[in-house]
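Structural characterization, general
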Amino acid sequence: MSITVELKGIVSSALNSLYELNIPADEVLVNGTKPEFEGDYTIVLFAYTKPVRKSPEVIGNELGNYLLENHKDFITGFNVIKGFLNLSIADSYWLGFLQQSFSNNSFGKAERLQKKVMVEYSSPNTNKPLHLGHLRNNFLGWSIGAVLNSVGYDVVKTCIVNDRGVHICKSMIAWQLFGNGATPASTNTKGDHFVGDYYVKFNDEFKLQVKDLVAAGKTQEEAEKEAPIMKATQQMLIDWEAGKPEVMELWKTMNGWVYEGFDTTYNKIGSDFDKTYYESNTYLLGKDLVEQGLEKKVFFQKDDGSVWIDLTADGLDEKLVRRKDGTSVYITQDIGLAEQKQKEFGAEKSIYVVGDEQNYHFKVLKLICEKLQLPSAEGIYHLSYGMVELPTGKMKSREGTVVDADDLVDEMITIAAQKTEELGKVKDFNAEELEKLHYIIGLGALKFFLLRVDPKKKMIFNPEESIDFHGFTGPFIQYTHARIKSILRKFELDNNKELEATQPLLLLEKQLIIHIELFGAVLQESAADLDPSKLAVYIFNLVKLFNSLYAEHSFGNAESEEKKLLRLKMAQLTATVIKTGMNILGIEVPERM
RNA sequence: GGACUGGUAGCUCAGCUGGAUAGAGCAAUAGCCUUCUAAGCUAUAGGUCAUUGGUUCGAAUCCAAUCCGGUUCACCA
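Residues numbered from 1 in each chain as written. Chains lettered and ligands numbered in written order. Predicted model: local features only at pLDDT ≥ 70, side-chain atom pairs only at ≥ 80, totals over all residues. Heavy atoms only, no water.

Considerations on the overall build of chain A
- The secondary structure content of chain A amounts to 22 helices and 14 strands.
- Viewed in the frame of its principal axes, chain A has a C-alpha envelope of about 90 × 65 × 40 Å.
- Looking at the 593 residues of chain A, the share that counts as buried comes to 51%.
- Considering only residue pairs separated by 6 or more positions, chain A has 74% of its internal contacts joining residues 24 or more positions apart.
- Of the accessible surface of chain A, which amounts to about 28400 Å², a share of 49% is contributed by carbon and sulfur atoms. (Helix = DSSP H or I, 4+ residues; strand = E, 2+ residues; numbered from the N terminus. Buried < 20%, exposed > 50% of the residue type's maximum accessible area, 1.4 Å probe, protein only. Contact = heavy atoms within 4.5 Å. Areas by Shrake-Rupley, 256 points an atom, 1.4 Å probe, with all protein chains shown as cover.)

Okay, structure coming up:
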């Protein structure tokens, strides 16, 4: 049990004994005491003044005295300032906590819950390579899975690959027209980039054709419809749906190139999935649900044959679920896939990590599933994250302002290599060890940069300024871990020696222990909010506290054997928390750097 | 226009289920390596929490209005 939970319980029953006041333990307000005041934890008393009919100062003193008398081993002192009761916790409590936890490698993690959740993330299109926005999505999705796993959920990570549709056909047409049989191998290009280049070529050619047609007297709209390359693309989509062999052949070949490229990138950034769905297999799902919906009168049919749902009563609009030609639309596939996942895995929650541009879509999706009374409905949760923007605004592929994922990862690793070289601390590393270290640091910097901000908020990335390696960053945390490991290598910790308590805990020591103790609660909070940034901030603060202590006091050469043992145990547990926490963010920590 | 969403230090962000004097990092300035890794530590400076009103013991936080951004509202995916 965490100490704040314990305190809440104690205060709740104290209020009951003193004033016959029934305040549920979880409604007691407990904060960490601000550093400028004496004490470790603070009870906020204002809420009790009315029912008790006493001033907060009086309540504070009575409560403080009561706690002091009845919990001598736990609470050793108090003071009251305005409506705040500051409590001091016994050193022996902290020492007991440290003794119990310091060698526990799974410190902070919770017991298995026997509950299953699904996290869908990444969801790329196969017509172009991954960019910075995908990186945020991938890091978030992976990390949220790890956070949920750490608090006891069984997590199924899934990915839906958007491998069909007009956009894919655009790349295919362009390759037919301009490729001259080129392949990624023949041009020495990564497969996803290779295919993406033809997508760009399509757009270039399309623009030229439209321009010519407009010059010949067509309106912009007519020109866009009639451009030969666009017509060819639409024909190809029809041929694809009909399963025309040569089209299928080309489609498979080009997607194959893309997957090869994606695999390389996923491997590098550490994204993995338990189950990958392909839209080419799922795009027909949900058709039968339209029939069901019509029978249940959830949907209605218009005169032209198209099928709709009326969501105006829910504050939304009418939404099409089947075209008049009988083909299904995007949302219908999603309903079908939601049901498919439900049948296949039966998770109690299904989290979709998808950008906030699709808030409306997911609102509609959940609503329709609810109205159809599908088992999947309740668990649908859209984890809506903000876009990564440039200082100039959104990234636009047409304007060439897209930050490519592979380029960025490589750049980060290069910078990591430069800095490591400059600092010259690992001159004895061989080439392989160095490469691994540069990778860990470069990727760590990138992941931490993207994960440290609240997922819901959009964030700005300035390509002109490289991502920092100092301060609130991954490398700073990795560095501190390496630093601790260095201490533990030099000064062996005897696990059998028990902590003593003849010398009081110093302020910095106590602050660090208090912070360590929060770890489990932080994981719970990150899981509840589906927000890895809470964890990132926590680790950063932990590391700052450790470094302050490190700068002020010696670990290996402490002033006494008692302090040496205490600090080495603190160091070990700090390293464990850093490593566990960073791993949950998908970031490795080195032994040396 | 409707719906949703954001506005906190020069920059990037915390804090938002109401609690003590609004916090970090970067950038700036000044210090700290003959003892455990200086990718570090310490200090200084930097704020009308968009604006106005309301709710109350107390508001960056809740409510309303206004201003300024963003997303979205396709027989696209």
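A look at the side chain of D163
- Positionally, D163 belongs in the loop between strand 6 (153-161) and helix 6 (166-178).
- With no salt bridge to any partner, buried D163 finds its closest opposite charge in R164, at an N-O distance of 6.3 Å.
- A polar contact of 2.6 Å, which involves the side chain of D163, links it to the side chain of S280.
- When residues no more than four places from it in sequence are discounted, the contact partners of D163 are T126, I168, W251, N255, Y259, Y278, E279 and S280. (Lys, Arg positive; Asp, Glu negative; His and termini not counted. Salt bridge = Lys/Arg side-chain N within 4 Å of Asp/Glu carboxyl O. Polar contact = N/O pair within 3.5 Å; in protein donor to acceptor, adjacent residues only side chain to side chain.)

Re empty space enclosed by the protein
- Taken as a whole and assessed by the stated rule, the structure comprises 2 cavities of 30 Å³ or more.
- Of the pockets and cavities examined, the largest cavity occupies roughly 50 Å³.
- Surrounding the largest cavity, L95, E500, Q503, L505, E562, K563 and L566 form its lining.
- When residues in the lining of the largest cavity are grouped by element, the largest group, 3 residues, is from helix 22 (residues 561-584).
- Roughly 30 Å³ of volume is contained in the second largest cavity.
- Together, T126, I168, S171, M172, V195, M254, N255 and V258 line the second largest cavity.
- Those elements that place two or more of their residues in the lining of the second largest cavity are helix 6 and helix 11 (245-269). (1 Å grid on protein atoms, 1.4 Å probe; cavity = no way out; pocket = protein on both sides within 12 Å on 5 of 7 lines; lining within 4 Å. Points joined across faces, edges and corners; volume = space filled by probe spheres on them.)

A few points about the pattern of salt bridges
- The full count for this structure, using the stated rule, is 27 salt bridges.
- For the salt bridge of R164 with E279, the shortest nitrogen-to-oxygen distance reads 3.1 Å. Here the residue R164 occupies a position in the loop between strand 6 and helix 6, and E279 occupies one in helix 12 (residues 279-282), the gap between them amounting to 115 residues.
- In this structure R164 comes out as buried when scored by relative accessible area, which is 10%.
- Close ionic contact of D314 with K371 constitutes a salt bridge, the shortest N to O distance being 3.2 Å. Highlighted residues: D314 in the loop between strand 9 (307-310) and strand 10 (318-322) and K371 in helix 15 (residues 359-371), separated in sequence by 57 residues.
- Residue classification places D314 among the partly exposed positions, given a relative accessible area of 37%.
- We classify K371 as partly exposed; its relative accessible area is 33%.
- In the salt-bridge network here, residues are joined through shared partners; they are E509, E559, K563 and R567.

So, helix 13 (residues 287-295)
- Looking at helix 13, one finds that the buried residues are L289, V290 and G293. All buried residues of helix 13 fall inside an arc of 110 degrees around its axis, so they share one side. (Arc of directions from axis to C-beta.)

Overview of the domain arrangement of chain A
- Domain annotation of chain A identifies domain 1 (3-89), domain 2 (165-272) and domain 3 (408-584).
- One C-alpha centre belongs to domain 2, the other to domain 3; they are set 46 Å apart. (Domains from an automatic or database assignment.)

A word on the side chain of T473
- Looking at where T473 falls in the secondary structure, it is placed in the loop between strand 14 (459-460) and helix 18 (474-490).
- A distance of 3.3 Å separates a polar atom in the side chain of T473 from the backbone nitrogen of F476.
- The residues contacting T473, other than those within four sequence positions of it, are F448 and D468.

Details of the sheet that holds strand 8 (residues 299-301)
- A sheet is described by the order of its strands in space; here 3 strands give the open sequence 8-9-10, paired in antiparallel fashion. Each of the sheet's edge strands pairs with one partner strand only, and the pair in question is strand 8 and strand 10. Going from strand to strand, the sheet's axes swing by 40 degrees on average, the running direction of each strand aside.
- As paired strands, strand 9 and strand 10 are joined by 4 bridges and run antiparallel to one another. Paired with V307 across the bridge in strand 10 is R322.
- Contacting strand 8, strand 9 and strand 10, helix 13 runs over the sheet at an angle of about 90 degrees to strand 8. (Pairing = 2+ DSSP bridges. Axes fitted to C-alpha atoms, helices over the stretch in contact; angles between N-to-C directions.)

A word on the protein's contact with RNA strand B
- The environment of RNA strand B is formed by 59 residues, the closest being F84, D304, K425, Y479 and S486.
- Sugar and phosphate atoms constitute 62% of the interface atoms of RNA strand B, taking the interface as everything within 4 Å of the protein.
- Within the contact set of RNA strand B, a phosphate oxygen lies 3.4 Å away from a side-chain nitrogen or oxygen of K34.
- Take F555: an N or O atom from its main chain is 2.9 Å from a base nitrogen of RNA strand B.
- Residue assignment for the surface near RNA strand B shows that the elements contributing at least two residues are strand 2 (41-44), strand 4 (84-89), helix 15, helix 16 (405-423), strand 14, helix 18 and helix 21 (532-552).
- Looking at the surface near RNA strand B element by element, the count peaks at 7 residues for helix 18. (Near = heavy atom within 4 Å.)

Remarks on helix 17 (residues 431-451)
- The terminal C-alpha atoms of helix 17 lie 30 Å apart, and with 21 residues this matches the ideal 30 Å at 1.5 Å per residue to within 8%.
- Of the residues that open helix 17, the one with a side-chain oxygen 3.0 Å from the backbone nitrogen of E432 is N430. (Expected span 1.5 Å × (residues − 1).)

What about the pairing of strand 11 (residues 349-355)?
- Judged by how many residues are buried, strand 11 sits mostly within the fold: 6 of 7 residues are covered.
- With 4 bridges joining them, strand 5 (residues 115-120) and strand 11 adopt parallel strand pairing. Within strand 11, the residue paired with M118 across the bridge is S350.
- Taking the sense of rotation as the criterion, the β-α-β connection linking strand 11, helix 15 and strand 12 (residues 380-385) turns out right-handed. (Right-handed = clockwise from strand over helix to strand, strands pointing away.)

Description of the nonpolar core
- The biggest cluster of nonpolar side chains holds 154 residues, and the ones touching the most others in it are W94 and L148.
- The contacts of L148, once residues within four sequence positions are left out, are V117, V119, Y153, V155, I351, A527 and L530.
- L289, V329, I331 and A377 belong to the second largest nonpolar core, which has 25 residues in total. (Core = buried A, V, L, I, M, F, W, Y, C linked by side-chain atoms within 4.5 Å.)

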